Amino acid sequence: MFHRHQRRALDLDAIARIRQCQFDDWVVPAARSGLLTAHEIEALAQCWYACPRSLFDALLADSDELTWRRCQAIWNSIDPIVAVSAGMCQA
């Protein structure tokens, strides 16, 4: 999710994509990894669509407190009404 040389832009963009239920950045690599079956990938994607926050929280699980607070502020600053209408999911 975070690349040091693109940290600021990627943070906002990635969080906005999650909030808008645009999960290809995570579903495609998970599918290509070969670690999960097609059924497991589908279940994971359905879970994320039902609760986008679950992916957000999982990606930040091992982050330091400053990163978590900064990403939380970004998450909270994205208007959930706009995110839901743009992504057609529950934010």
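Going by the structure above, here's the rest.
Heads up: these notes are all about the structure in this document.

Analysis parameters
Along every chain, residues carry numbers that run from 1 in the direction the sequence is written. In keeping with the model being predicted, local features are shown solely for residues with a pLDDT of at least 70 and side-chain atom pairs are shown and tallied solely at 80 or more, while totals for entire chains, interfaces and linings include all residues. Think of the side-chain values as coming from all heavy atoms in the structure, minus any hydrogens and water. Per-residue accessibility, obtained with a 1.4 Å probe over protein chains only, is compared with the maximum for each type, and a residue is labelled buried under 20%, exposed over 50%, and partly exposed between these values. Per the convention used, a helix needs a DSSP run of H or I reaching at least four residues, while a strand needs a run of E reaching at least two, with both numbered from the N terminus. In this description, one arc is meant: the one made by directions from the helix axis to the C-beta atoms. Definition of nonpolar core: a set of buried residues of the types Ala, Val, Leu, Ile, Met, Phe, Trp, Tyr and Cys, connected through side-chain atoms within 4.5 Å. When checking whether two residues touch, look at their non-hydrogen atoms; a contact exists if any pair is within 4.5 Å.

**As for helix α2 (residues 24-33)**
Move 1: Three or more residues of α2 are buried, namely Trp-26, Val-27 and Ala-30. Looking straight down α2, one finds its buried side chains confined to an arc of 95°; they lie on one side. Counted as exposed and oriented over 90 degrees from the buried face of α2: Asp-24 and Arg-32.
Move 2: Phi turns positive one or two residues past the end of α2, at Gly-34, with a value near 80°.

**Digging into the environment of Ala-31**
Move 1: Take Ala-31: it is sitting in helix α2.
Move 2: By relative accessible area, Ala-31 is classed as partly exposed at 44%.
Move 3: For the pair formed by Ala-31 and Ile-41, sequence separation is ten residues and the distance between their alpha carbons is 6.4 Å.

**Observations regarding the nonpolar core**
Move 1: One finds Ile-15, Ile-18, Phe-23 and Phe-56 to be the most contacted residues of the largest nonpolar core, which totals 19 residues.
Move 2: For Phe-56, the residues in contact, after removing those within four places along its chain, are Ile-15, Ile-18, Cys-71, Gln-72 and Trp-75.

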